[in-house]
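# Examination of the molecular architecture
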Amino acid sequence: MDFANLLIQILNSVQYGLLLFMLAAGLTLIFGIMGVVNLAHGSFYMLGAYLAYSLSGLFGSLTLAILGGAALSVLFGLLLERLLFRHFYQRDHLDQVLLTFGLIYIFEELRSMLWGDDVHGVPIPDFLSASIPLTDNLSYPVYRLFMSGVCIVLAIGLYLLISKTRLGMKIRAGAFNRDMTESLGINIKLIHAIVFAIGVALATVAGMVAAPISSVYPNMGSQVLIMCFVVVVIGGIGSVRGALIAALLVGLVDTFGKVLLPQVSGMLVYVLMAAVLLWKPEGLFKQ
Amino acid sequence: MSSPKANLEALPRSVQFVLALGAVALLAFPFVGTDFYTQMVTRMMILGIFAMSLDLLQGVTGLVSLGHAAYFGLAGYVLAFVTPQGEAVSLWWTLPAAVLASGLAALVIGFFVVRTHGIYFIMVTMAFAQMIFYLFFDNKALGGSDGLYINFKPDATVFDLENKRVFYYFTLACLAGVYAFLRRLLWSPFGRALAGIRVNEHRMRAMGFGTFGYKLTAFTLAGALAGLAGYLWGAQTGFVNPELMGFHMSAHAIMMVILGGMGNFAGAIVGAFTFEYVLHAVKDLPAIGAFNTGKHWQLWMGLFIVGVVVLAPRGLLGLVERFLNRKEGRDE
């Protein structure tokens, strides 16, 4: 493998890893802070991709579509939390698994009613459609760099929000000791609603950003959901930092596995997970 | 994970009576039902075995596996691999081989997963099942995404499984056998230790139980019994595909156990029958005007699942018990 090829694979693996991180961060936050297992997280990713398809057609611009879609997804997250998830924070994990599994069916069918079962494409905006030439016949698309850029900006934003702001402090306090936080006069219900909405918005934005290169198709959420589970398990449930490192690791193993060992590439990520579990049963960064 | 109260281990008289009626109905069914329904009930009984095997983990030991379908599907694939194109194979060695293969897979995967707890266990069982799913899905040599056909039902020499009624009674015998075995197991010292692990694993360890070994044994046994169900499924439908090992199949099994009521195996059977019937019913819904309600079965199924979780967390047997007790007077 020459240098240009290697560079392309590394960029691809980082881009995939960052995309997984956007999804896994929401999943791990929702679990770490509210104690809820959310199987429907992949559905938010799918929702994002379909929103990008519809809104970019409506506004004529993917950037506007992403901004509008992000706002919509926050509203959607708040509504869903208020109506359903709030009542399941104290329930058994088993009930949560089933509730969110039922939601997958519901979202999937609503998607089919609203958008049909066809595969759609989302055009890459003109100003991002160029490619950077690396050698005579190899080049790297700017859009993929843009995707990584969006993910990095959001990851930094999330880090600052959680570790540097007053709201972040309340979120961490709520995760650490819910009752104590509440008795200090902090509105923990509001904090939970905000965290849930952030998680939904991250997954939806990931879906919207990914739509132009992955295209938009039914059931696109379920495969990515399982990858997110792997990331969360490797990173340690509830740890955002762990999710970042695990996501990059999974991206690397998956991308290079497909190039170097194509016969077993589908299994490599799970072998990685098994190895981590043998070494640290609670993930790399258990809090 | 699940609180001890959510389980209904000892079945009250009223529930036993309802179950006995059900057993009689199952015995008589092939003489009144059409071929179509006989096959459907056979399928329900197979799923009943599958659901019971999961109940050993979920209801008895408190381990919620979201990847149980892997062991179910694996045994079906074993049957597909050993059945040649042009002739039937003997039931008497292929059935044990398939069950053994599933048990072995569960033993190896169990070695990793039973170290984990709670939510980790759910995620890790799901991830491993998905690994097996993609192994079969991606490899053309293993059937790929299309799956494999099984042209002949296994040959049992003394009876003919190609006959739908014979197959029905063979499945019923398996169902009854597995039920009797698991009920016996539930009240054995081993079963009591598993129940102890569900209620408080730390205390069990403090009392000197090697909980890792107990959980691994339960996981392996559950995998092997799921394999029995998967073998029957493969033989009955004559077809296996990766969907049998998929995430939806695993979640359906959890749903069946919840729906009937956990921890007593009878609930798992009731749940499997009900779930499969509801699934069949919603797919058959008539069109109302331009709106094809049957085509949107996933919506109804989703609402049904959410409804059960919200309204009947103790399952149908719990409801029956509550209803009958209320009728008899203020027993509770």
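Owing to the predicted nature of the structure, the values given are computational and were not obtained by experimental measurement.

## Focus on the environment of B:Gly144
All names here are of chain B. Mapped onto the elements, Gly144 comes out in the loop between α5 (118-138) and β1 (148-149). Placed 112 residues apart in sequence, Gly144 and Met256 show a C-alpha to C-alpha distance of 28 Å. What Gly144 contacts, discounting residues up to four positions off in sequence, is Phe137 and Asn139.

## Some thoughts on the interface of chain A and chain B
Taken residue by residue, the interface counts 32 residues in chain A and 36 residues in chain B. At the level of elements, α4 (93-115), α9 (220-235) and α11 (265-279) of chain A are the ones that each hand at least two residues to the side of chain A that touches chain B. Sort the elements by how many residues they give to the side of chain A that touches chain B and α4(A) lands first, with 14 residues. Of the residues belonging to the side of chain A that touches chain B, the class tally is 24 nonpolar, four polar and four charged.

## Some details on helix α3 (residues 69-82) of chain B
Residues and elements named next belong to chain B. Compared with an ideal rise of 1.5 Å per residue, which puts 14 residues at 20 Å, α3 spans 20 Å between its outermost C-alpha atoms and is within 8% of the ideal. By the criterion of burial, α3 is predominantly enclosed, with 12 of the 14 residues buried. Among all positions of α3, only Ala69, Ala70, Tyr71, Phe72, Gly73, Leu74, Ala75, Gly76, Tyr77, Val78, Leu79 and Ala80 are buried.

## A word on the environment of B:Ala70
All names here are of chain B. Take Ala70: it is sitting in helix α3. Linking Ala70 and Ser102, residues 32 residues apart in sequence, is a C-alpha distance of 8.4 Å. Those residues in contact with Ala70 that sit more than four places away from it in its chain are Phe128, Ala129, Ile132 and Met245.

## Details of the nonpolar core
Counting 204 residues, the largest nonpolar core has A:Met22, A:Val230, A:Val231 and B:Ala127 as the members making the most contacts within it. When neighbours within four sequence positions are excluded, A:Val230 is seen to be in contact with A:Val250, A:Val269, A:Tyr270, A:Met273 and B:Ala127.

## Structural notes on unusual backbone geometry
Residue and element names in this part refer to chain B. Positive phi is not limited to glycine here, since Thr157 has a value of about 55 degrees. Tracing the sequence through the fold places Thr157 in the loop between β1 and α6 (164-186). Here Phe265, not a glycine, exhibits a phi torsion of approximately 70 degrees, which is positive. Taking the C-beta count within 10 Å as the criterion, Phe265 has 29 such neighbours and is therefore assigned buried.

The rules we used
Residues numbered from 1 in each chain as written. Chains lettered and ligands numbered in written order. Predicted model: local features only at pLDDT ≥ 70, side-chain atom pairs only at ≥ 80, totals over all residues. Helix = DSSP H or I, 4+ residues; strand = E, 2+ residues; numbered from the N terminus. Contact = placed C-beta atoms within 7 Å. Nonpolar A, V, L, I, M, F, W, Y, C, P; charged D, E, K, R; others polar. Expected span 1.5 Å × (residues − 1). Buried ≥ 20, exposed ≤ 12 C-beta atoms within 10 Å, placed from the backbone. Core = buried A, V, L, I, M, F, W, Y, C linked by C-beta atoms within 7 Å.

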